[in-house]
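# Fold and geometry: a report
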Amino acid sequence: MAGSRGSLRAIMRGDSNPATGLVFDLSDRRFLFVTMPRPTAVVDVAAAVIVQPDGRFLLTCRPEGKPYAGYWEFPGGKIEPGEAPLHALDRELQEELGIQILNAEPWITRNFTYSHATVCLRFFRVNRWQGIPQAREHQQLAWQQPCQITVSPMLPANAPVLRALLLPPVYAITQASELGVSAALQQIERALQHGLRMIQIREKAMEGEALRAFTEKVISLAHRAGAYVLRNSDTDMPHVCGIDGVHLTAPQLIVLSERPAPETGWCGASCHNREELYQAALLEVDFVVLGPVLPTLSHADTAPMGWRKLAALIRDYPLPVYALGGMEPGDLTIAREMGAHGVAMIRAINRL
């Protein structure tokens, strides 16, 4: 199963759950995490990230009589054989909380092996619903902010999901070498005022002290607004205090054997195809950027994949994905409908 041919491709993960393998099913064209030395039936579960306009999301506490009673989790439940995941989620939320889904977007799929079962958690972001959530199964309910979780203990499968909820919907990439430093800083400052919360410093034509000075100014602006700044790791950037993470290029990603050290902070990666997505999932970076989706000047010689191919590539994918290439602010809605976390922009950030 470890080879690149056949119906399955898998490599063992060296994490806290060493019996788990990342598998890409070539026949069904999707990613799976499965237990490999001790094969067990995988329980399909639909889970809801029910999100208020202010960013709060709902957690529920497992009642007595269930495995892991007293642990907090995202609401949802088992998908019955032949049942569509979204239909299952709507049914479960009506049973558990007395609400009906009006709009839900596919998000990420995480697999986890507990002592009693291996579960495949298919997460949806639910941003519109009918009714007021009620504890119909006598469970506790708690609205939480991604940056301040006040309930515990959480089910262990949810740790990467909670971290993913800290990621904003728009990821900006700088272009100071094209615009000029002053114009780029003005553009970034305006975008931060309009809600931008994550920026990648990607200035391949800028070096040394010029790059350091520009980076320090971006960090100062961003941190005042509560935004993250990542450096593109293909740039010869001097050490700058306050950087929040690193963004790996596709050539760097594909040769790595492990994720950069935790002190790096956030770790993103650029992907253009299924193999690079596979490698990013294996390393368990925090998120990926995938493209180009639409025609773009930065990749004028590359045929765009389009929305349908993007959706197919990230079906059942375990990491948050930003759609890149020709993105405008208005594309966020369709990106999320296709299963992406958000959009990444270079030239369009001045239109935020």
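Summary of the structure given here. What you see is a predicted model; the values in this text were computed from it and never measured. (Residues numbered from 1 in each chain as written. Predicted model: local features only at pLDDT ≥ 70, side-chain atom pairs only at ≥ 80, totals over all residues. Heavy atoms only, no water.)

### Here we look at the overall build of the protein chain
Put simply, the rule is: A run of H or I in DSSP becomes a helix once it reaches four residues, and a run of E becomes a strand once it reaches two; helices and strands are each numbered from the N terminus. Note on exposure labels: buried denotes an accessible area under 20% of the residue type's maximum, exposed denotes more than 50%, and partly exposed covers the range between, all computed with a 1.4 Å probe on protein chains only. The contact rule is simple, with two residues in contact once any of their heavy atoms fall within 4.5 Å.
When helices and strands are counted, the protein chain shows nine helices and 18 strands. A total of 352 residues make up the protein chain; the buried ones form 51% of that total. Contacts in the protein chain between residues at least 24 apart in sequence constitute 59% of all its contacts with a sequence separation of at least 6.

### Re the side chain of Asn158
Within the element layout of this structure, Asn158 appears in the loop between β10 (141–144) and α2 (159–164). Leaving out residues up to four positions away in the same chain, Asn158 has contacts with Trp72, Glu73, Phe74 and Phe123.

### Side note on unusual backbone geometry
For the bond running from Ser152 to Pro153, omega is 0°, close enough to zero to count as cis. When you line up the elements, Pro153 lands in the loop between β10 and α2. Pro292 follows Gly291 through a cis peptide bond whose omega is 5°. Tracing the sequence through the fold places Pro292 in the loop between β16 (287–290) and α8 (306–313). The phi torsion at Glu284 lies on the positive side, around 55°, for a residue other than glycine. Summarising the element assignment, Glu284 is placed in the loop between α7 (274–283) and β16. Residue classification places Glu284 among the partly exposed positions, given a relative accessible area of 25%. Residue Asp316 is not a glycine yet carries a positive backbone phi of 60°. Structurally, Asp316 is set in the loop between α8 and β17 (321–324). The exposure class of Asp316 is buried, given its relative accessible area of 13%.

### Comments concerning the nonpolar core
For soluble globular proteins, nonpolar side chains are generally found buried alongside one another. Put simply, the rule is: Buried residues of nine kinds, namely Ala, Val, Leu, Ile, Met, Phe, Trp, Tyr and Cys, make up a nonpolar core once their side-chain atoms join them within 4.5 Å.
One finds Phe214, Val285, Val288, Leu290 and Tyr317 to be the most contacted residues of the largest nonpolar core, which totals 53 residues. In terms of residue count, helix α5 (residues 208–224) provides more of this core than any other element does, six residues in total. Apart from the residues lying within four places of it in its own chain, the contact partners of Leu290 are Cys271, His272, Asn273, Leu277, Met305, Leu310, Leu313, Ile314, Val321, Tyr322, Ala323 and Leu324. One finds Ala47, Val151, Val161 and Ala164 within the second-largest nonpolar core, a separate group that totals 23 residues.

### What about helix α1 (residues 85–97)?
Selection criterion: By definition here, a helix of n residues has an expected span of 1.5 Å times n minus one.
In a regular helix each residue adds 1.5 Å, so 13 residues correspond to 18 Å; α1 covers 17 Å between its end C-alpha atoms and thus fits that length. Turning to α1, its buried residues number three or more, namely Ala88, Leu89, Asp90, Glu92, Leu93, Glu96 and Leu97. Once α1 finishes, Gly98 follows within two positions and takes phi at roughly 70°, a positive value.

### Here's the deal with the pairing of β17
Heads up, the rule is: At least two DSSP bridges between two strands are needed for those strands to be called paired. Orient the strands so they point away from the viewer; a crossover is then right-handed if the path from the first strand over the helix to the second runs clockwise.
Burial of β17 is two-sided: the residues Val321 and Ala323 facing one way and the residues Tyr322 and Leu324 facing the other way are all buried. Bridge count for β16 against β17 is three bridges, and the pairing is parallel. Counterpart to Val289 in the pairing with β17 is Tyr322. Regarding topology, helix α9 (residues 332–337) serves as the crossover connection from β17 to the parallel strand β18 (residues 342–345), and that connection is right-handed.

### With respect to the packing of helix α4 (residues 181–193) against α5
In plain terms, the rule: What counts as an axis is a line fitted to C-alpha atoms, over the stretch in contact for a helix, and the angles between N-to-C directions run from 0 to 180 degrees. Orientation is classified from the angle alone, with under 35 degrees giving roughly parallel, over 145 giving roughly antiparallel, 65 to 115 giving roughly perpendicular, and any other angle giving oblique. By definition, turning the near helix anticlockwise from the far helix through less than a right angle yields a left-handed crossing, and turning it clockwise yields a right-handed one. Polarity classes work like this: nonpolar for Ala, Val, Leu, Ile, Met, Phe, Trp, Tyr, Cys and Pro, charged for Asp, Glu, Lys and Arg, and polar for all others, with Gly in that last group.
Relative orientation of the contacting elements α4 and α5 amounts to 15°, with a least axis distance of 10 Å. Relative to α5, the element α4 lies roughly parallel. Note on packing geometry: the crossing formed by α4 with α5 is right-handed. For the pair α4 and α5, the contacting residues are Val181, Ala184, Leu185, Ile188, Glu189 and Leu192 in the first and Phe214, Lys217, Val218, Leu221 and Ala222 in the second. Among the residues making up the contact of α4 with α5, the classes are represented as nine nonpolar, no polar and two charged.

### So, the sheet that holds strand β9 (residues 118–130)
Taken in spatial order, the four strands make up an open sheet running β7-β4-β9-β8, and their pairing is mixed. Two strands lie at the open edges of the sheet, namely β7 (76–78) and β8 (100–113), each paired on one side alone. Recorded for the sheet is a direction-independent mean angle of 20° between the axes of neighbouring strands. The pairing of strand β4 (residues 42–50) with β9 spans nine bridges and is parallel.

### A closer look at α5
Spelled out, the test is: To be clear, the arc concerns the directions from the helix axis to the C-beta atoms.
With 17 residues, α5 ought to run about 24 Å at 1.5 Å a step, and its terminal C-alpha atoms sit 25 Å apart, in line with that. Leu211, Phe214, Thr215, Val218, Ile219, Leu221 and Ala222 are the residues of α5 that are buried. Angular distribution of buried residues about the axis of α5 spans 170°; they occupy a single face of the element. The exposed residues of α5 that point more than 90 degrees off its buried face are Glu209 and Arg224. Against α3 (176–179), α4, β12 (198–201) and β13 (228–232) lie the buried residues of α5. Once α5 finishes, Gly226 follows within two positions and takes phi at roughly 80°, a positive value.

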